[in-house]
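So you can see what is in the structure, the chains are spelled out below.
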Amino acid sequence: MKLNLCAKTVLLVYRYLDRIADAIDRLVERRALNSFYMSGIGCKDNNISNVAQYIIDLSQRKVKLINIKILTEMALDNCPILYSQILIEKYMDNDKACEIAKRHNLSERTYFRRLNEALRNFSITLEKLGFSESKLLDYISSEKWMIEVYNRLITVKNEDNFNVSNCDLGKIAVC
């Protein structure tokens, strides 16, 4: 069950990964360009080692986000086509259940069974790729916004009303 929550978390945050990686690029560029200012209150924080460490930390965050994106794509590629389509339409495109069911000529009940099978298959594929529940949680633990999505999934009973934008994503780039 928890691995399904990890899988859902990865699928839900997937569509935000590019935007956050771009935001990290902008932060790195802004910090690097403004690092030559050595006056005022931020004088201590603007020495070369602090600026370099800040840029390295942000670069490592970006690498982690890219790795999560690649992991998700690899896992979807290794799932059967119908399962991949259902997961993409549900979690990445944010389509409604009735639309997805109609698109695949499924009854809604069959759609929900296929969605559960797809999540189970996606979770198993993640494990085969070396990301068990504990490793995946450990890997995303430094990304507070992803952990918040995971925790919200635990508390939300009706997943259809869940929306990642309800989570506090305003602190993404500065966490």
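Okay, so let's go over this structure. Computed from a prediction, not measured in an experiment: that's the story for all the values here. Every residue gets a number counted from 1 within its own chain, in the order that chain's sequence is written. Whole-chain, interface and lining totals are the exception, using all residues; otherwise, since this is a predicted model, local features are given only for residues with pLDDT of at least 70 and side-chain atom pairs are given and counted only at 80 or more. Computation of side-chain values: all heavy atoms of the structure, hydrogens and water removed.

1. Topic: the packing of helix 3 (residues 81-92) against helix 5 (residues 108-128)
Link 1 in the chain: Lines are fitted to the C-alpha atoms to define the axes, a helix being fitted only along its stretch in contact, and any angle between axes, read from their N-to-C directions, falls within 0 to 180 degrees. To qualify as a helix, a DSSP run of H or I must reach at least 4 residues; to qualify as a strand, a run of E must reach at least 2; elements of each kind are numbered from the N terminus. Between helix 3 and helix 5, the least distance of the axes is 9 Å, while the angle of their chain directions is 100°. Considering their axes alone, helix 3 and helix 5 lie roughly perpendicular with respect to each other. Contacts from Leu 82, Tyr 83, Ile 86, Leu 87, Lys 90 and Tyr 91 in helix 3 reach Tyr 111, Arg 114, Leu 115, Glu 117, Ala 118, Leu 119, Asn 121 and Phe 122 in helix 5.
Link 2 in the chain: A breakdown of the residues in the contact of helix 3 with helix 5 according to their chemical character gives ten nonpolar, one polar and three charged. Note on terminology: angles under 35 degrees are roughly parallel, angles over 145 are roughly antiparallel, angles of 65 to 115 are roughly perpendicular, and the others are oblique. In this description, contact between two residues means that some pair of their heavy atoms is separated by no more than 4.5 Å. Put simply, Ala, Val, Leu, Ile, Met, Phe, Trp, Tyr, Cys and Pro go in the nonpolar bin, Asp, Glu, Lys and Arg in the charged bin, and everything else, Gly too, in the polar bin.

2. Examining the packing of helix 2 (residues 48-78) against helix 6 (residues 133-140)
Link 1 in the chain: As a packed pair, helix 2 and helix 6 sit with axes 11 Å apart at the nearest point and diverge in direction by 145°. On helix 6, the residues touching Val 63, Lys 64, Asn 67, Ile 68 and Leu 71 of helix 2 are Leu 136, Tyr 139 and Ile 140.
Link 2 in the chain: Taken together, the residues of the contact of helix 2 with helix 6 break down into six nonpolar, one polar and one charged.

3. Observations regarding the pattern of salt bridges
Link 1 in the chain: We define a salt bridge as a contact between a side-chain nitrogen of Lys or Arg and a carboxyl oxygen of Asp or Glu at a distance within 4 Å. Considering all chains together, one arrives at five salt bridges under this definition.
Link 2 in the chain: Arg 61 is the salt-bridge partner of Glu 143, the closest N and O atoms lying 2.9 Å from each other. Taken together, the residues Glu 143 in the loop between helix 6 and helix 7 (144-155) and Arg 61 in helix 2 connect sequence positions 82 residues apart.
Link 3 in the chain: Burial classification: accessible surface area is computed with a 1.4 Å probe over protein chains only, and a residue below 20% of its type maximum counts as buried, one above 50% as exposed, and the rest as partly exposed. Given a relative accessible area of 1%, Glu 143 falls into the buried group.
Link 4 in the chain: Here Arg 103 makes a salt bridge to Asp 95, at a shortest N to O gap of 3.0 Å.
Link 5 in the chain: Looking at Arg 103, the relative accessible area reads 43%, which means it is partly exposed.

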